[in-house]
Amino acid sequence: MKTLSRQGLAVLAMAGLLAAAPAGAADGPIKIGALYMLSGSAAAYGKFAQQGIQLALDEINGSGGVLGRQLEVMFEDSEGKAATAIQAARKLVYQNGAVGLMGLDSSGVAQGLVPVIPELERALIITHAATPDVTGKLCNAYTYRVSVNVHQNMKGAALVAADSGAKKWTTIGPDYAFGHQSWEFFGKYLKELVPDAELSSDPSFPRFGAEDFTPFINSVMEAKPDGVLISVWGGDLVNFVRQANNRGFFDQGFQVLMTVGAATEVLTALGEQMPENVWLGTRYWYDSHDTELNKQFVAKYRETYKAPPSYNAEGAYVAIYAYKQAIEKAGSTDGKAIAAALKGASVNAPTGVLTFREGDNQGLIGPTWGRTAAMDDALKIRSLADIRNFSGDEVTPAVDAECKM
Amino acid sequence: MSGIALALLNSLDIGLLLFIIAVGLNIVFGVLNVINFAHGALYMLGAYVAYSCIAILGLSFWLALIVAPLVVAMLAVLVDRIMLRFIYEREISDSLLLTFALLLILNESVRQIWGTGIHVVEPPAGFQGTIRLPGGITYPTYSLFVVIMGFVVLGGLWYLFNRTRLGIIMRAAALDREMAQALCINTKRVITAVFAFGAWLAALGGVVAAPMRAIDPGMGDKIIIESFIVVVIGGLGSFPGALLGAIVLGLLHGFGGRYLPDINLVLPFIGMAVVLLIKPHGIMGKGAVT
Amino acid sequence: MKRLLLALMALILAVGLVVLPWIAPYFYIFIATEILILGLFATSFNLIFGYTGMLSFGHAAFFGIGAYASAMLLMGSPWPLLACLAVAIVAGAVLGLVIGFFSVRLDEVYFAMLTLAFGMMVFAVVHQWRSVTNGSDGIAGFRMGGLGLGMELTLGNPAVYYHVVLAIVALAMAVLYLICRSSFGLVLRAIRENPERVAFCGLNVRHYRLAAFTISGAFSALAGGLMAPFLRIASPELVHWTMSAEPVLMSILGGTGYFLGPLFGAGMFVLLKTIITDITQAWMLVLGIILAIMVIFFRRGLLGTFLDRWLEKS
């Protein structure tokens, strides 16, 4: 029985309809594609990126746009899955006419998407995902990163840890690239600074998105380390802290370092439940940079969104400006030209001047670490004391030998 | 030694929370022969509605515990009238598919209504903090509440099914729908009531879980497979079986997470498969047979 | 007359598929490749759902094992694609045999639950066995290599890969079609209608179900094997139950009663997703509503409903 007729007609008809959609007139807006987690447990991160992007777009478009054209950003949900992100990237480039891509909340997604980027011939500016592989063994001429990677953050963490005097360390981290690499590099840098440090042979890696951390909390408490590195993030970190509080985890006297603890949505959700005297790291802390640009950025963000900007918002904001600069330097909207124009570029960011290192396209930037202190009554989140803004030079290792561009 | 005691206690509150969440799924299958894929979404909805009651309307936790499940139950009645009434007479695969569609709709609706942020609900006053148990173990007070609540639900269900007219009607409708109809029982109403009851239980689970878990749009998906495992292990259609299944799963989580972290993801599914192969109706089940 | 018309349309469609890269916008090459691969997956799933009447909720296990087999071989060995696909098929068949052996003794919802359990077991193994499967990060960055059989093709070129997929899927679908039309397929349909009757006729129902399951596993793995190079990654999501739900949805959307229903459903699913995500982020909501309408009113699927009406008029 032949059953092809309707299907054939339908497919051809729809193909025709969609093919008729205009590909984007020459003086229409310049489009950039953004891939973030817009659904699921970590959707807040995508939301913050959207907000940071909107702020940048309003500023840029309000003052004449780029090359006389408006700048537009199209969002696709990566769903935290590499397969989805790859499809979405192809769609953004081939269907929607994106001249450049940005995004990625998940290191796992980054590891999947980055090798595919050169085929698309568009730059990808990573604003969140921290796996060093994308500027290491997976590096390519099209992939750039404005945000702190695991090496940089863990070097900062190691410096904080070394100063604390704690010798026996373990970790609780999510069971994927980010968790494992955080522990690996933390251990490496700590050993360099404190040769007699002891690293647990039995660290805990709960599944990303696990709801229940109590087995791991119990396990660590039994092991009685001097210090714990927590690289759990987002909703998981909120769950972890609350469950840990219930078990008296933070009263045991060990140093606690949370690698991405100073994320605004985590701090807001936890409020007072975020304990005092733990060290929190972040790619960007709104209150620790004295530059004019930061003050403006934070003020405008707070006015528009009634909350201080998280690091994802700031990273996305910087990426948009990086694109503006690159497009103007290239003088065209050709994807390859823009990617080339980003090489070695220096962008004015709220944290200061950010430069893409030529060897691996990693932004030379450092994390901010601080110790939780009293509650900020206005914002209802913990404030940070003893803030350390690490500079890119302090914490960035040499270009990975495996990076060959 | 205290490691084992801790793991045991941990298993207990995980298990009983799972029981409260999953028992509704069990009952709906037992009486209606419907596998409700959207059960996890209803649980999530319960948690979100409770959050709104507490954070926005300023109600106390206890009021939210009453209000939120009722709201979700009313929604369930609506869903039953609009969607599910078409497929009760059909094969099981249709109910799986339709409730899957419901899951997609609810998931997205929650995200649209409440946004993407992470929300937090505090345990009620009096149940915050920890208590000291013999042996020097500190146990969160709220976990104790969860355990007690689990037994309350168990007791309530036993009373409902064995001592009340409504419960007996439900069991009758489960055993033989036509006969029940012949006896002038309004089976359509019973069906709606049972589905709403299942949703009420799921939402109750959501409210009880809310102080223990971060409330985010991914909650529902995480719990649905767990619920299936509980229901399969314990026995489709048997609510004491749901308790057994929940405790087994709780033990797997509590001990597996602690002592067998490398394979703790696979264990529950192996358990599920083993039970299905040896006793498909579950360890205590007496559900539908083909 | 209707037959002639249908045959003509089939021809036009076939020609259209072959020349697609030259007549449609570039992006549609990717869409079409995805539709073909998922269509094969859904069709092989339908062998046991539509034809044999068993609802499996763990089919992603086969799809996934094919994807991982393909990815691992492309990563670690110099074998050409066809050889990797052959291994994927074998892997799928073996897994189908193993899982099927345990599953086909159960019925209805218990079968669905058991296949779900096995599917998630495979997922859990893939997710946690970091040393072999690279855990949740998946296997990526493998070379595309050559096709095999002495043909020099740049598989990295999407249009070339599309034609390769088209050829392989067409071949696979033809084989599946022959299986469905054979007496074996007839027995399967009889089993769906009334297993006891078939048993009374002296046929071993369980053996037939197991055979169908194994074949389905093999072809699903072939689809998976084609998917990994297309996506350039094999990741645990391809093994998760949410992936198992896709062939189910596609078969329902298109119609389980006709051989090409699932392929049509795959086309609908992918095209709808592409169009709707351009309009709103609430794609899942729209999909849920459409699925609900299909299940309630168009139980025979879109293609199924139209064809039923069309063919009845003769």
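These numbers come from a predicted model, not from an experiment. (Residues numbered from 1 in each chain as written. Chains lettered and ligands numbered in written order. Predicted model: local features only at pLDDT ≥ 70, side-chain atom pairs only at ≥ 80, totals over all residues. Heavy atoms only, no water.)

Trainee: Sorry if this is basic, but what is going on with the overall build of chain A here?
Mentor: A tally of regular secondary structure across chain A gives 14 helices and 14 strands. Relative to the compact-globule value of 22 Å for 405 residues, chain A shows a C-alpha radius of gyration of 22 Å, a close match. Its C-alpha atoms put chain A at 65 × 65 × 45 Å along the principal axes. Within chain A, counting contacts between residues at least 6 apart in sequence, those at least 24 apart form 70% of the total. Roughly 13500 Å² of accessible area belongs to chain A as shown, and the carbon and sulfur atoms make up 50% of that amount. (Helix = DSSP H or I, 4+ residues; strand = E, 2+ residues; numbered from the N terminus. Rg over C-alpha atoms; globule rule 2.2 N^0.38 Å. Contact = heavy atoms within 4.5 Å. Areas by Shrake-Rupley, 256 points an atom, 1.4 Å probe, with all protein chains shown as cover.)

Trainee: Help me understand helix α2 (residues 43-62) of chain A in this model?
Mentor: Note: α-helices contain 3.6 residues per turn, so residues at a spacing of three or four share the same orientation. Residue and element names in this part refer to chain A. Across its 20 residues, α2 extends 28 Å between first and last C-alpha, which sits within 8% of the 28 Å expected from 1.5 Å per residue. Where burial is concerned, most of α2 is hidden: 15 out of the 20 residues are buried. Positive backbone phi, approximately 105°, marks Gly64, located one or two places after α2. (Expected span 1.5 Å × (residues − 1). Buried < 20%, exposed > 50% of the residue type's maximum accessible area, 1.4 Å probe, protein only.)

Trainee: Teacher, can you tell me more about the interface of chain C and chain A here?
Mentor: In many reports, interface size means the accessible area that the parts give up when they come together. Facing the 41 residues of chain C at the interface are 39 residues of chain A. The closest approach of N and O atoms between Glu119 of chain A and Arg232 of chain C, which form a salt bridge, is 2.6 Å. At the junction of chain C and chain A, the tally comes to six residue pairs in polar contact (both at pLDDT 80 or more). Within the residue set of the side of chain C that touches chain A, elements represented by two or more residues are α1 (2-23), α2 (27-51), α5 (108-128), α7 (158-181), α10 (205-231), α12 (261-279) and α14 (302-312) of chain C. (Salt bridge = Lys/Arg side-chain N within 4 Å of Asp/Glu carboxyl O. Polar contact = N/O pair within 3.5 Å; in protein donor to acceptor, adjacent residues only side chain to side chain.)

Trainee: Hey, could you run me through helix α13 (residues 335-342) of chain A in this one?
Mentor: Residues and elements named next belong to chain A. Taken residue by residue, α13 has Gly335, Ile338, Ala339, Ala341 and Leu342 as its buried positions. All buried residues of α13 project into a common sector of 160° when viewed along the axis, lining one side. Tucked inside the fold, the buried residues of α13 contact β4 (123-126), β5 (143-145) and α12 (311-330). One or two residues past the end of α13 sits Gly344, with phi positive at roughly 65°. (Arc of directions from axis to C-beta.)

Trainee: It is not clear to me how the sheet that holds β5 of chain A should be interpreted in this structure. Could you clarify?
Mentor: All names here are of chain A. Strand order across the open sheet formed by five strands is β2-β1-β3-β4-β5, with parallel pairing between neighbours. The sheet terminates laterally at β2 (71-77) and β5, the two strands that pair on one side only. Direction aside, neighbouring strands of the sheet carry axes that sit 25° apart on average. Strands in contact with α2 are β1 (30-36), β2 and β3 (100-103); relative to β2, the strand with the most contacts, it is inclined by about 170°. (Pairing = 2+ DSSP bridges. Axes fitted to C-alpha atoms, helices over the stretch in contact; angles between N-to-C directions.)

Trainee: Teacher, can you tell me more about the confidence of the model for chain B here?
Mentor: In low-pLDDT segments, the atomic positions of the prediction should not be examined closely. Residues and elements named next belong to chain B. Residues of chain B with pLDDT of at least 70 account for 92%, and the chain-wide mean is 83. The secondary structure element of chain B with the lowest average pLDDT is helix α7 (residues 177-182), at 70, and the one with the highest is helix α2 (residues 39-56), at 93. For this predicted complex, the interface confidence score (ipTM) comes to 0.84, while the overall pTM stands at 0.87. (pLDDT = per-residue confidence, 0-100.)

Trainee: For this particular structure, what's the right way to read the pairing of strand β12 (residues 352-355) of chain A?
Mentor: For a regular strand, side-chain orientation follows a simple rule: the groups alternate between the two sheet faces. Residues and elements named next belong to chain A. Bridge count between strand β11 (residues 346-349) and β12: four bridges; the pairing is antiparallel. By the bridge assignment, Ser346 is partnered in β12 with Thr355. Counting the residues between successive antiparallel strands, the hairpin from β11 to β12 contains two residues.

Trainee: Could you clarify how one ought to interpret the packing of aromatic side chains in this entry?
Mentor: To describe a pair of aromatic rings, you give the distance between the ring centres and the angle between the ring planes. Counted according to the given criterion, the structure contains 46 aromatic pairs over all chains. Plain terms: the ring middles of Phe45 of chain C and Phe49 of chain C are 5.5 Å apart, the flat faces sit at 35° to each other, and that makes the pair tilted. Here Phe45 of chain C and its partner Phe49 of chain C are both found in helix α2, four residues apart, which amounts to about one turn of the helix. Measuring from centroid to centroid gives 5.3 Å for Phe101 of chain C and Phe102 of chain C, while their planes differ by 75°, and the two rings are edge-to-face. One aromatic cluster in this structure is built from Tyr94 of chain A together with Tyr26, Phe27, Tyr28, Phe30 and Phe230 of chain C. Sitting above the plane of the Phe86 of chain B ring, Arg85 of chain B keeps its charged end 4.6 Å from the centroid. (Phe/Tyr/Trp six-rings, centres within 6.5 Å; stacked < 30°, edge-to-face > 60°. Lys NZ or Arg CZ within 6 Å of the ring centre and 35° of its normal.)

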